[in-house]
Amino acid sequence: MSKEILVLAGDGIGPEILAEAVKVLEALQAEGAVTLTLREGLVGGAAYDALGDPLPEETLTAAKAADAVLLGAVGGPKWEPLHISKRPEKGLLGLRAGLGLFANLRPAILYPQLADASTLKPEVVSGLDIMIVRELTGGIYFGQPRGVETLPSGERRGVNTLVYTESEVERICRVACDIAMKRGKRVCSVDKANVLECTEMWREVATRVATQYPEITLSHMYVDNAAMQLVRAPKQFDVLVTTNMFGDILSDCAAMLTGSIGMLPSASLNAAGQGMYEPIHGSAPDIAGKGAANPLATILSVAMMLRYSLDAPAVAERVEAAVSRVLEQGLRTADIMSPGMRQVGTAEMGDAVVAALAPVQGRA
Ligand code: NAD
């Protein structure tokens, strides 16, 4: 049965990197490995320019109807002067909330071919393979009350609220345990239970969920220590599970262990297994339109989509193997370039991945 994918290119380098991801999907489709219907929609600044809204109603409706959403990136200096309700990022937050995408999966994998791209010593990061599971629809980014008010004294007061229900914590911890069962069976729950009551409850719920997974080893870590351990000895981690804000920060930190933001994909899932897949980087306005962006994070997001929403893990592995192969061939975009390698542009890198997809017999 054909699966429906909504393709949202967004802004900046978004259209350039998504074109390469679509090439990969079309190549797989042409050989019969997948049966897909690709539809396009508008989000972010591009949607604001066309329709006055960073998340037009028709985009959200199409996203809800699709089996998966493949997104490039949103944002850029052009839209920064807009009121916060009209900024491109609202499109992204609206999609996450509208689809109920509560689980954000961010793998941080260091490809051996890129070991020298990391700022950390090769022995600290080589073989790194962490999965960060970030809660995405709750916590301080959505909590009420929020805002900035002016006190009678004339001084302004800013408020944001960290709030989680037990069920929100339970479902994200369950996702982390389910993923860990397919990996190293270790989950580290990250909180600030020594200071924040909300995360003291998080710790209790995480402990309760883990008792239902006797094979899982659960540990707890304060977020400040987790940040330190990520740069001191990152290979101690298998799966990390944490709140929206802590996950936002820790996953960028983990991303940099791997050397380039241009290599890292992400998946955001809802309770029905529907997902949105996107590179973790932004719209990179500084290199947009130059054909220099690294499309591999987006292509690896396609692999996650094949695995988590399209039930095609074998095809996902082929895409990941093809990425590994082009790195092995010495092809590098500017962000991961190193001496002795061959620098290529966005489209050439996409073409190389398509060429490196090993042919299969029949459907995978
Ligand atoms: P960014 O990730 O866009 O760029 C940071 C740096 O990394 C830049 O030097 C950029 O050139 C480089 N870079 C990023 N992706 C790359 C790629 N694929 N290949 C090569 N180099 C790459 O972050 P930023 O500069 O802080 O933000 C730019 C815009 O993107 C802002 O408007 C921001 O709000 C938005 N943003 C969007 C998302 C998203 O859509 N999910 C995420 C983060 C930032």
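Structure shown above.
Residues numbered from 1 in each chain as written. Predicted model: local features only at pLDDT ≥ 70, side-chain atom pairs only at ≥ 80, totals over all residues. Heavy atoms only, no water.

Q: Before we move on, can you summarise unusual backbone geometry with the specific residues and values?
A: Proline 145 follows glutamine 144 through a cis peptide bond whose omega is 0°. Inspection of the secondary structure puts proline 145 in the loop between strand S5 (129–135) and strand S6 (147–150). Despite not being glycine, lysine 185 has its phi angle at roughly 60°, a positive value. Tracing the backbone through its elements, the reader meets lysine 185 in the loop between helix H6 (166–181) and strand S8 (186–191). On the basis of relative accessibility, which here comes to 27%, the residue lysine 185 falls in the partly exposed class. The backbone of alanine 284 shows a phi angle near 40°, a positive value even though the residue is not glycine. Mapping alanine 284 onto the fold places it in the loop between strand S12 (275–279) and helix H10 (296–308). (Helix = DSSP H or I, 4+ residues; strand = E, 2+ residues; numbered from the N terminus. Buried < 20%, exposed > 50% of the residue type's maximum accessible area, 1.4 Å probe, protein only.)

Q: So what about the pattern of salt bridges? Which residues, and what values?
A: In the structure shown here, the tally under the stated rule is 19 salt bridges. With a closest N to O distance of 3.8 Å, arginine 96 and glutamate 278 form a salt bridge. Of this pair, arginine 96 sits in helix H4 (residues 88–98) while glutamate 278 sits in strand S12, placing them 182 residues apart in sequence. The same class applies to arginine 96 as to glutamate 278, namely buried. Among the salt bridges present, the one from arginine 208 reaches glutamate 166, with a minimum N-O distance of 3.3 Å. Within this pair, whereas arginine 208 is found in helix H7 (residues 197–210), its partner glutamate 166 is found in helix H6, the two being separated by 42 residues in sequence. For arginine 208, a relative accessible area of 38% translates into the label partly exposed. Assessed through its relative accessible area of 40%, glutamate 166 is described here as partly exposed. Beyond isolated ion pairs, a larger network of salt bridges with shared partners links Glu166, Glu170, Arg174 and Arg208. (Salt bridge = Lys/Arg side-chain N within 4 Å of Asp/Glu carboxyl O.)

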